[in-house]
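# Topology and contacts: notes
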Amino acid sequence: MSSEIPSDLSYTEAHEWVRRSGDGVVRVGITDHAQSQLGDVVFVQLPTVGDTLAAGDAMGEVESTKSVSDIYAPVGGEVVAVNDGLDAGPELVNSAPYGDGWIVEIRLAEGASLDGLLDADAYRQLADGA
């Protein structure tokens, strides 16, 4: 079964998605493909609001019944919001990976861009080949 891969998002090779939300802020989560590989998510470790991240930094973890996986910052910037709903409902990552299961919002650092990220077609090729 092919994963859901919305065409309006950008993606990383580590299976995070990025949605521009305006004002230089992006919302980040893990993809449908990633959550299906993980299995039932039981805990999400979130970064702290105010943390400064470089692209590629580990910024949290997703723990499932099968494994623990790092979540990586797809872009550099400052954490401006985290999804507190995941504390009580980590399974939202499974049921709504592109909606209520989002992980974090990051204000892009000066000069940071989404140019290095994958578009939906490139991510689909990566996911299908994985």
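Just so we're clear, the structure is a prediction, and the values are computed from it rather than from any experiment. (Residues numbered from 1 in each chain as written. Predicted model: local features only at pLDDT ≥ 70, side-chain atom pairs only at ≥ 80, totals over all residues. Heavy atoms only, no water.)

### A few points about the UniProt feature "modified residue: N6-lipoyllysine" (unreviewed entry) in the protein
With numbering aligned to this structure, UniProt lists the feature "modified residue: N6-lipoyllysine" (unreviewed entry) at K66. When you line up the elements, K66 lands in the loop between β6 (58-64) and β7 (68-72). Not counting residues up to four positions away in its chain, the partners in contact with K66 are Q37, L38 and G39. A distance of 3.1 Å separates a polar side-chain atom of K66 from the backbone oxygen of Q37. (UniProt positions renumbered as here; feature names shortened; annotations may be inferred. Helix = DSSP H or I, 4+ residues; strand = E, 2+ residues; numbered from the N terminus. Contact = heavy atoms within 4.5 Å. Polar contact = N/O pair within 3.5 Å; in protein donor to acceptor, adjacent residues only side chain to side chain.)

### Points about the sheet that holds β6
Two pairing modes exist for strands in a sheet, parallel and antiparallel, and in both the strands are linked by backbone hydrogen bonds. Read from one edge to the other, the open sheet built from three strands follows the order β4-β6-β7, with strand pairing classed as antiparallel. Strand pairing shows two members of the sheet lacking a second neighbour, β4 (41-45) and β7, which therefore form its edges. With direction set aside, neighbouring strand axes in the sheet form an average angle of 25°. Taken together, the five bridges between β6 and β7 define a ladder with antiparallel strand orientation. Considered in β7, the bridge of E63 is made with V68. (Pairing = 2+ DSSP bridges. Axes fitted to C-alpha atoms, helices over the stretch in contact; angles between N-to-C directions.)

### Overview of the sheet that holds strand β1 (residues 10-11)
Read from one edge of the open sheet, six strands run β1-β2-β3-β9-β8-β5, paired in antiparallel fashion. Unpaired on one side and paired on the other, β1 and β5 (52-53) mark the two borders of the sheet.

### Quick notes on the pattern of salt bridges
Within the structure shown, the criterion is met by two salt bridges. Across the pair R27 and E105 runs a salt bridge whose closest N-O atoms are separated by 2.8 Å. Remark: E105 occurs in strand β9 (residues 104-108) and R27 occurs in strand β3 (residues 25-30); sequence separation between them is 78 residues. The class of R27 is partly exposed, set by a relative accessible area of 25%. Note on E105: relative accessible area 14%, which makes it buried. (Salt bridge = Lys/Arg side-chain N within 4 Å of Asp/Glu carboxyl O. Buried < 20%, exposed > 50% of the residue type's maximum accessible area, 1.4 Å probe, protein only.)

### Brief notes about the nonpolar core
Ranked by internal contacts, the top residues of the largest apolar core, which has 24 residues, are V44, M59, I103, V104 and I106. Elements with a contribution of two residues or more to this core: β3, α1 (32-38), β4, β6, β8 (77-82) and β9. The residues touching I103, leaving out its near neighbours within four places in the chain, are V28, G29, I30, V44, L46, I71, V82, N83, L86 and V93. One finds I5, W17, Y98 and A127 within the second-largest nonpolar core, a separate group that totals 11 residues. (Core = buried A, V, L, I, M, F, W, Y, C linked by side-chain atoms within 4.5 Å.)

### Side note on the pairing of β8
Two strands pair when backbone bridges link them, and β5 and β8 are joined in this way by two bridges, in the antiparallel orientation. Following the sheet pairing, T52 is matched in β8 by E78. Judged from the five bridges that link them, β8 and β9 form a sheet pairing that is antiparallel. Opposite V79, over in β9, you have I106 as the bridge partner.

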